[in-house]
Structures are given as structure tokens and as C-alpha cells.
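Residue-level structure breakdown
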Amino acid sequence: MGILKQALISCVFVAGVAGASDDVYREYDPLETYEPNVAGDRKHSNTYQYWMDPKNLDWQMAGNPDENWKLNWKFMDPPFNPVVHGGHFAEDRGETLYKKLNTRGRFASCLGATKGNLKGLRASYPRYRAELKRVVGLEEAIEICAKRLGHQLENGSYDNSAVSVYIASRSNGMPIRIDVSKGPMKEAWERGRKLFHTRAGRFNLACSSCHTHQVGLHLRGTVVTTPYGDVAHYPVYRTRYQLQSLHLRFAECNLDTRTQPLRPGSGAYTDLEVFLTGLTNGYPVSVPSERD
Amino acid sequence: MRTAGTLAMLALLLAGTASARADAPPPDAVFDPGAPLKTLAPKVVVNSGKLEWVPFHRDLTSWPTLSHHDKRPTPRPVRATLNGPLDGDAARGRELAMRPDKGYCIACHALPGEEWPGTVGVNLAGYQQHRNADELVFQQIFDARVFNPNTVMPPYGTFGILTEQELRDLVAYLQSLE
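Predicted, not measured: the structure shown is a model, and the values here were computed from it.

**Considerations on empty space enclosed by the protein**
All names here are of chain A.
- What the rule picks out here adds up to 2 cavities of 30 Å³ or more.
- Here the largest cavity is characterised by a volume of approximately 40 Å³.
- As for the largest cavity, its lining consists of Gly-137, Glu-139, Glu-140, Asn-155, Ser-245, His-247, Gly-265, Thr-270 and Glu-273.
- Among the secondary structure elements, those contributing two or more residues to the lining of the largest cavity are helix 6 (138–148) and helix 11 (267–278).
- Looking at side-chain class alone, the lining of the largest cavity contains no nonpolar, 6 polar and 3 charged residues.

Here it is as C-alpha cells:
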């Protein structure tokens, strides 16, 4: 009974501080400016020159462990990568699931496809959903729309990501195009940019600690790459994680840097997704893809 | 059991309000409050519409997250004092510098006798030549923010990653590098 009383007291306490105090002391990496276009990397890591044309990457660079990071790992994406891997099986399963969900066309229209046509849909997410009054990523939209039809495709689950890979494959080769210049999308981009520079976790690191200020340097055996152009190949087949959505990648980044991860679809991860998708504007969707 | 059930309901209610206690992890953090190591990691199950969460080998719930609902502050920079003789063990220090769960200095710094070092931090081979005072080296590892607020070096002392004796061992190791 004592514990219950304590819980009730803390409940009242919560109500008291809800919405209060943005004046909590938090630390930030120096806040930089970014272009919401993949070509902005010319002023960032300047590796864009090596991976800007995904069809014509340099084979020799791809095979050289001292140089392959300059290709931003794009040599593991189609059309350059001809290997059949787990991402292809995910795409097949995603197609089956999608067709089952969309027998009456309601799933496609809920996702925002015009006349059931999925072409270009991936390239225009995340987007503002008026009925939800917030910005959502494609995987969260898949979760919500499947739920409306009575199916569970939890954000981050294999089946959710498989449907996402299938939908993305209908936009393969089309440049990512989201508008972060106004309204709620601009607000999300700005929050995402600030989060990218927000220090967190037991090591007190921000994303930008490495991906803005240490690009090209070694962390043990790996080399830090640019944040530009990085979301075009998600969800991605990972040898260790089967199929990984962008938000699950954020969770992995968090765990690697000793930071408590968040739920996929959380406001912070969605804002980060908007920011990084902005940095990928103009780069073609490339699925199914693999990474180590 | 009834109390536990009521508590679980209360927890759900709290999660629904999307606000957080000033000293607790935010509602969108995924952790098991009853486990010895609370932090959970996502586990993707092939051909399933559900995402599983499994225990992670470190408890990370005590430090600020990226959540918008996290009301916990970053621990402020701390000026440390090194009292008495250094009394550090260089051999233990070297081990700590290589261990991923301890200093893991090698992730960012080059150290003698080890392949694949990091290059984010300065090369520490031959560190002795700088003739830095033990107090200064101790402070740099304890909390480097005192010297440079924009440093990427984790505050090993302030954030409780290393104990005082472990810090002394690391200082002894660095000061022994010829």
C-alpha cells in the first residue's frame, strides 16, 4: 500500500511539472547550418563527388578499405550491388503483405497514394498528416493505416519494414523530395537539426560530435561518414539485424554511444528522420539495400 | 498482485500523458523498470508484425536521452582534485584503455602496441614527452569540458564511467608511455 501511495503522489507531481521547464541545463555541440539537399555535402565532407552517380561508382575505391568510406557505402545499394540478399526476400514478403492489405484500395489511399499508384510515395515521406496534426514517417503511416484495417504492423517490426521496402521499391531511382521550407515540416527539420547537435547519454555525445565534426576520421576500425544522402536506402538488410528501419538504426546509434534508445515513431526520432531526409533531397531511392 | 496491477495501470496512464518526471527516463524510452539492467534493445523477428525488445547488457536509463519529454539535465562540468600521491598501476591502466566497457581510449586515440586505433583524438604514443602534470591529465580524463566546452571526450569521472582508482591507473599508464 505504501508503494501505491508513493505512485499516486508522484502522479500528482507529474501533473505539476507537465509542460514546464525548458530551462533544464543541457549541452549542445556547436550548432551548424545544413542545406536541405544532398549537394550540401560539397561543403560538408565533400565525398558527394564520389557517390553522386550511384550507377557509376569507382570499383577500385569500393574494393579499397582505406577509400571505400568515401563512397558513403553506396556500393552496397542497387543498381551497383547485384548481390541477392535478405532485403530481396523482405521486398517479396512486403509485396504479398501489401497486396493482402490493399485488396479494396483503402490501404494505398490511407498512405496517400493517388489512385492506388505507389510511384513516388516513398520519395515524399515524411509528410504532415492533417488528420493526425503532426509529421509522420512512412513506417509510422504503414502502422497506422494497417491498424485502421484491423492488422498489426508495429513500427520497426520485420513485416512493417518489409512493406516499407516494397513501397520504396516502387520509387527506385526517383529522387527524394520533401519540402522543409515552411510550416510543420520546417519546424520538424529545425527540431531535428537541434537534436542532431544535442548531447545525450553516458558519453555525452551528439550525432554531430562525429558526423559533422569528425567525418573521415577513424573510430577504432570504422570511418565516420557524412549524414548527407543517408536515408535513401532504408529499411536496410543488415546481417546482424535482419531488416532495420531508420528509427531502429537511430536506436542502434543510441546504444552504440551509450544512450538510452527511444521507441520507433517517437517525436524525437521522427524529427531526426525529417532532418536527415532533408539532407538526402535530390538523391535517388535505392532499395533493397544491405549493410554489414 | 493487485498493487502491482494498479501500478502497471498508473504507469500506462503516465505514459499517456506524454510528460515525464524530472528525475525519470521519458515515456518514449523503452526499458524494463523491474530488471537489474533496465535498458532494452530492439529485436527484429523475421516474418512478424511485432517488434520485440530484449535486455541490453548495459543500463543506460540514468542519463539524458534525445526525447522531447526528457526533463533531466546534463551533469555540469566538474573541477576535480587529485589528492595525495598518484598511486596508479600502469598495467591496469593499459587494460582499462582497451576495454570497451571502461575507458576504450583506443576507439579515438592511437596507443602503442595496438592495431586499428582511432584518429578522432590525438595520438597518445610517447605521451610522457609532453611532461603534463598528473593533476592536468587526471582532470582531462575526469571531465575535459573544464578545458574545452566543445570537447567530444566523454567526462569519465563526472559521469561515473570510471572510478577514481581507475582514473589514477590511466594517468599512470599515460605518464609511462615513452
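**With respect to the side chain of Asp41(A)**
Residue and element names in this part refer to chain A.
- Tracing the backbone shows Asp-41 in the loop between helix 1 (2–17) and helix 2 (48–51).
- For the buried Asp-41, no salt bridge exists, and the shortest N-O distance to an oppositely charged side chain is 8.0 Å, to Arg-42.
- Reaching out from Asp-41, the side chain makes a polar contact with the side chain of Ser-45 at a distance of 2.8 Å.
- Not counting the four nearest positions on each side in its chain, Asp-41 is found in contact with Asn-46, Thr-47, Tyr-48, Trp-51, Thr-226 and Tyr-228.

**Comments concerning the state of the cysteines**
- This structure, assessed with the given rule, holds 1 disulfide over all chains.
- Cys253(A) forms no disulfide, and the closest cysteine sulfur to it belongs to Cys207(A), at a distance of 7.0 Å.

**Brief notes about the interface of chain A and chain B**
- Tallying the contact residues gives 63 residues for chain A and 67 residues for chain B.
- Looking only at chain A, the three residues that lose the most surface to chain B are Arg202(A), Arg220(A) and Gln260(A), adding up to 16% of its buried area.
- Between the two partners, chain A and chain B, sit 2 salt bridges.
- Close ionic contact of Glu27(A) with Arg145(B) constitutes a salt bridge, the shortest N to O distance being 2.8 Å.
- Counting the contacts that link chain A with chain B gives 25 residue pairs in polar contact (both at pLDDT 80 or more).

**Details of unusual backbone geometry**
Residues and elements named next belong to chain A.
- Note that the residue after Pro-78, namely Pro-79, is joined by a cis bond; omega there is 5 degrees.
- As for its placement among the helices and strands, Pro-79 is situated in the loop between helix 3 (59–62) and helix 4 (86–101).
- Cis geometry marks the peptide bond from Val-287 to Pro-288; its omega dihedral reads -10 degrees.
- Mapped onto the elements of the fold, Pro-288 is located in the loop between helix 11 and strand 7 (290–291).

**A few points about the packing of aromatic side chains**
- This model, assessed by the stated rule, comprises 14 aromatic pairs over all chains.
- Look at Trp51(A) and Tyr283(A): their rings are 5.3 Å apart centre to centre, the planes differ by 70 degrees, and that puts the pair in the edge-to-face class. Of the two residues, Trp51(A) is situated in helix 2 and Tyr283(A) in the loop between helix 11 and strand 7; the sequence distance between them amounts to 232 residues. Of the two residues, Trp51(A) and Tyr283(A), both sit in the buried class.
- Their ring planes at 55 degrees and their centres at 6.3 Å tell us that Phe203(A) and Tyr156(B) sit as a pair that is tilted. Of this pair, Phe203(A) sits in the loop between helix 8 (183–196) and helix 9 (207–211) while Tyr156(B) is found in the loop between helix 3 (134–142) and helix 4 (164–175), placing the two residues in two different chains.

**Thoughts on the sheet that holds strand 7 of chain A**
All names here are of chain A.
- Pairing is mixed across the open sheet formed by 3 strands, whose spatial order is 6-5-7. Taken across any chain shown, the strands that pair with only one partner, and hence form the sheet edges, are strand 6 (242–244) and strand 7.
- When strand 5 (residues 236–238) meets strand 7, the two strands line up parallel, connected through 2 bridges. If you follow Arg-238 over to strand 7, its bridge partner there is Arg-291.
- In the packing of helix 10 (residues 246–256) onto the sheet, contacts are made with strand 5 and strand 6, and the angle to strand 6 comes to roughly 95 degrees.

**So, the pattern of salt bridges**
- Within the structure shown, the criterion is met by 25 salt bridges over all chains.
- Of the charged contacts, one joins Asp77(A) and Arg291(A) as a salt bridge, the two residues approaching to 2.7 Å between their closest N and O atoms. Remark: Arg291(A) occurs in strand 7 and Asp77(A) occurs in the loop between helix 3 and helix 4; sequence separation between them is 214 residues.
- Overall, Asp77(A) belongs to the buried group, its relative accessible area being 3%.
- Each member of the salt-bridge network shares a partner with another, and the members are Glu27(A), Asp143(B) and Arg145(B).

Conventions adopted
- Residues numbered from 1 in each chain as written.
- Chains lettered and ligands numbered in written order.
- Predicted model: local features only at pLDDT ≥ 70, side-chain atom pairs only at ≥ 80, totals over all residues.
- Heavy atoms only, no water.
- 1 Å grid on protein atoms, 1.4 Å probe; cavity = no way out; pocket = protein on both sides within 12 Å on 5 of 7 lines; lining within 4 Å.
- Points joined across faces, edges and corners; volume = space filled by probe spheres on them.
- Helix = DSSP H or I, 4+ residues; strand = E, 2+ residues; numbered from the N terminus.
- Nonpolar A, V, L, I, M, F, W, Y, C, P; charged D, E, K, R; others polar.
- Buried < 20%, exposed > 50% of the residue type's maximum accessible area, 1.4 Å probe, protein only.
- Lys, Arg positive; Asp, Glu negative; His and termini not counted.
- Salt bridge = Lys/Arg side-chain N within 4 Å of Asp/Glu carboxyl O.
- Polar contact = N/O pair within 3.5 Å; in protein donor to acceptor, adjacent residues only side chain to side chain.
- Contact = heavy atoms within 4.5 Å.
- Disulfide = S-S within 2.5 Å.
- Buried area = accessible area lost by both parts, 1.4 Å probe.
- Phe/Tyr/Trp six-rings, centres within 6.5 Å; stacked < 30°, edge-to-face > 60°.
- Pairing = 2+ DSSP bridges.
- Axes fitted to C-alpha atoms, helices over the stretch in contact; angles between N-to-C directions.

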